[in-house]
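Examining the three-dimensional arrangement
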Amino acid sequence: QVQLVEFGGGLVQAGGSLMLSCAASISIFSDNAMGWYRQAPGKQRELVATITTGDSTEYAASVKGRFTISRDNAQSTVYLQMNALKPEDTAVYYCNALKDIAFFGGHLTGRALVAWAQGTLVTVSS
């Protein structure tokens, strides 16, 4: 049973834009906050953006002002619009349903609720 599918990644030059999409099963999407994580080579997975069922958003300091998270409840889909991309944004991006979201010191944390999907690779060239 597929619960999460991410797509939209690709290769882009620094300063460019990409929009990522994540289609989620209705059972996990409708009642939960959703978030986008990323994992760069050799680094831990980090939470970069969250959106609640009431459309409240939070962003990690590293992406604030450049990334925008949104959700389409009718389509059970969450999006991540990424602008002004930098080489350090290169990573595999994952989405998940979340609980226990916290924000401190410019960093977001949250408890992912379901198994990770394959993610979508974003590569930003300099």
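Above this text is the structure in question.
A brief report on the enclosed structure follows. (Residues numbered from 1 in each chain as written. Predicted model: local features only at pLDDT ≥ 70, side-chain atom pairs only at ≥ 80, totals over all residues. Heavy atoms only, no water.)

Turning next to the environment of L121. Within the element layout of this structure, L121 appears in strand β11 (residues 120-125). Taking the C-alpha atoms as reference points, L121 and K43, 78 residues apart in sequence, are found 15 Å from one another. In contact with L121, not counting residues within four places along its chain, are G9, G10, A91 and V92. (Helix = DSSP H or I, 4+ residues; strand = E, 2+ residues; numbered from the N terminus. Contact = heavy atoms within 4.5 Å.)

Attention now moves to the pattern of salt bridges. According to the stated counting rule, one finds four salt bridges in the structure shown. Close ionic contact of R38 with E46 constitutes a salt bridge, the shortest N to O distance being 2.8 Å. Under the relative-accessibility criterion, E46 is labelled partly exposed at 29%. Between R38 and D89 there is a salt bridge, with the nearest N and O atoms lying 2.8 Å from each other. Residue R38 is located in strand β4 (residues 33-39), and its partner D89 is located in the loop between β8 (77-82) and β9 (91-104); the two are separated by 51 residues in the primary sequence. (Salt bridge = Lys/Arg side-chain N within 4 Å of Asp/Glu carboxyl O. Buried < 20%, exposed > 50% of the residue type's maximum accessible area, 1.4 Å probe, protein only.)

Taken in spatial order, the four strands of this open sheet run β1-β3-β8-β7, and their pairing is antiparallel. This sheet does not close on itself; its edge strands, each paired only once, are β1 (4-7) and β7 (67-72). Strand-to-strand twist of the sheet, defined as the mean angle between neighbouring strand axes without regard to direction, takes the value 15°. (Pairing = 2+ DSSP bridges. Axes fitted to C-alpha atoms, helices over the stretch in contact; angles between N-to-C directions.)

As a further point, take the packing of aromatic side chains. Counting across every chain of the model gives two aromatic pairs. On the basis of an interplanar angle of 85° and a centroid distance of 4.8 Å, the ring pair of Y37 and W116 is categorised as edge-to-face. With Y37 in strand β4 and W116 in the loop between β10 (107-112) and β11, the pair connects residues that are 79 residues apart, well separated along the chain. Owing to a relative accessible area of 36%, W116 belongs among the partly exposed residues under this scheme. Directly above the aromatic system of Y94 lies the positively charged group of R45, at a separation of 4.2 Å from the ring centroid. Positioned above the aromatic ring of W116 is the side chain of R45, whose terminal nitrogen or guanidinium carbon lies 4.0 Å from the ring centre. (Phe/Tyr/Trp six-rings, centres within 6.5 Å; stacked < 30°, edge-to-face > 60°. Lys NZ or Arg CZ within 6 Å of the ring centre and 35° of its normal.)

What follows deals with the pairing of β4. In terms of burial, β4 is a largely internal element, six of the seven residues being buried. Bridge analysis of β4 against β9 gives seven bridges, and the strand direction is antiparallel. Each bridged residue has a counterpart across the sheet, and for R38 the counterpart in β9 is Y93. The sheet contact formed by β4 and strand β5 (residues 46-51) spans five bridges and is antiparallel. Of the residues in β5, the one forming a bridge with Y37 is L47. In textbook terms, the turn of a hairpin is the stretch between consecutive antiparallel strands, and for β4 and β5 this stretch comprises six residues, one of which, G42, has a positive phi near 75°.

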